[in-house]
Amino acid sequence: MSEQKTLPPRSGADLASPSLSYDPVTQPQLFDGVIGKRFVAFLIDAVIISLLWLLAVFVVAILGIVTLGLAWLLFGAIFPIVGLGYNALTIGGPNSATIGQRMMGLEWRTWFGGKVSPLVAAFHALLFWFSFVIFFPILLWCLFDPQKRCLHDIFAGVVAMNRR
C-alpha cells in the first residue's frame, strides 16, 4: 500500500498575490506628481552627467598624451562608465536618489521596501537607456501604472516615490 503524505500548510508570503510595500491606494501622497518630477530630474541629471563626461574626456585626453595614445582607447567607454557609475553611486548610495531626483524630492526603494543597491541602480540605468534607445514609447507605461513605474523600474524591482 502506498501512503499518501499530506503536506503541511504553506507559511510565508503568498506569491500569487503579493502585497505592495508602497500601495498607491492607501498611500497616494507617495506617488503624487512623480512622473513630472522624474522628467525634470532627468534633465538636471543629464546636465550633471554631461559635465562629468566632459571632465572625464579631458582626463583621458591628457592621459592619452602621457601614455602615448594608449589611454585614448577608453574614449568609447567614458559615457557608459560615467552614466552608470553616477546612477550606481547616487541611487545606490545613502540618499537613494540622484542629485536631480533629490532636488525634486524623490527617492528610490526596492518594491518590497529596502534600499537600492549600487548594482541594482546601475542595472536600472542600463535598462532605462535600452528602453530609451530601442523603443522610446515604452517609457509611457508609467502613465498607466498605479505606482507610476516604467517597465524598466518593474524589471529592476524598484519604485520612485516622493520622499517621506
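Since we're looking at a predicted model, the values are computed, not measured.

Parameters and conventions
- Residues numbered from 1 in each chain as written.
- Predicted model: local features only at pLDDT ≥ 70, side-chain atom pairs only at ≥ 80, totals over all residues.
- Heavy atoms only, no water.
- Buried < 20%, exposed > 50% of the residue type's maximum accessible area, 1.4 Å probe, protein only.
- Helix = DSSP H or I, 4+ residues; strand = E, 2+ residues; numbered from the N terminus.
- Pairing = 2+ DSSP bridges.
- pLDDT = per-residue confidence, 0-100.
- Contact = heavy atoms within 4.5 Å.
- Axes fitted to C-alpha atoms, helices over the stretch in contact; angles between N-to-C directions.
- Parallel < 35°, antiparallel > 145°, perpendicular 65-115°, else oblique.
- Left-handed = near helix turned anticlockwise from the far one by under 90°.
- Nonpolar A, V, L, I, M, F, W, Y, C, P; charged D, E, K, R; others polar.
- Salt bridge = Lys/Arg side-chain N within 4 Å of Asp/Glu carboxyl O.

Trainee: Residues and numbers for the pairing of strand β1 (residues 106-110), please.
Mentor: Taken across its 5 residues, β1 has 5 buried, putting it largely inside the fold. Where β1 and strand β2 (residues 158-162) come together, 5 bridges link them in antiparallel fashion. Bridge assignment links R109 to a residue of β2, and that residue is V159.

Trainee: Help me get a handle on the confidence of the model for the protein, residues and values and all.
Mentor: Model confidence for the protein is summarised by a mean pLDDT of 88, while 88% of its residues fall at 70 or above. Across residues 12-19, where pLDDT falls below 50, the model places 1 contact with residues more than four positions away in sequence or in other chains.

Trainee: Mind laying out the packing of helix α2 (residues 78-91) against helix α4 (residues 118-134), listing which residues take part and the relevant values?
Mentor: Any two packed helices are characterised by how steeply their axes cross, that is the angle between the axes, and by the distance between the axes. Close contact between α2 and α4 brings their axes to 7 Å; oriented N to C, the two are set at 130 degrees. Relative to α4, α2 is oriented oblique. The interaxial crossing formed by α2 with α4 has right-handed handedness. Across from F79, L84, N87, A88 and I91 in α2, the residues of α4 making contact are P118, A121, A122, A125, L126 and W129. Of the residues assigned to the contact of α2 with α4, the class counts are 10 nonpolar, 1 polar and no charged.

Trainee: Before we move on, can you summarise the pattern of salt bridges with the specific residues and values?
Mentor: For the structure on display, the rule yields 3 salt bridges. With a shortest N-O distance of 3.3 Å, E107 and R109 are connected by a salt bridge. Relative accessible area serves as the criterion here: at 5%, E107 is assigned to the buried category. The partner of E107 in a salt bridge is R163, and the shortest N-O contact between them spans 3.7 Å. You can see E107 sitting in strand β1 and its partner R163 sitting in the segment after β2, a full 56 residues away along the chain. One network of salt bridges, in which partners are shared, links E107, R109 and R163.

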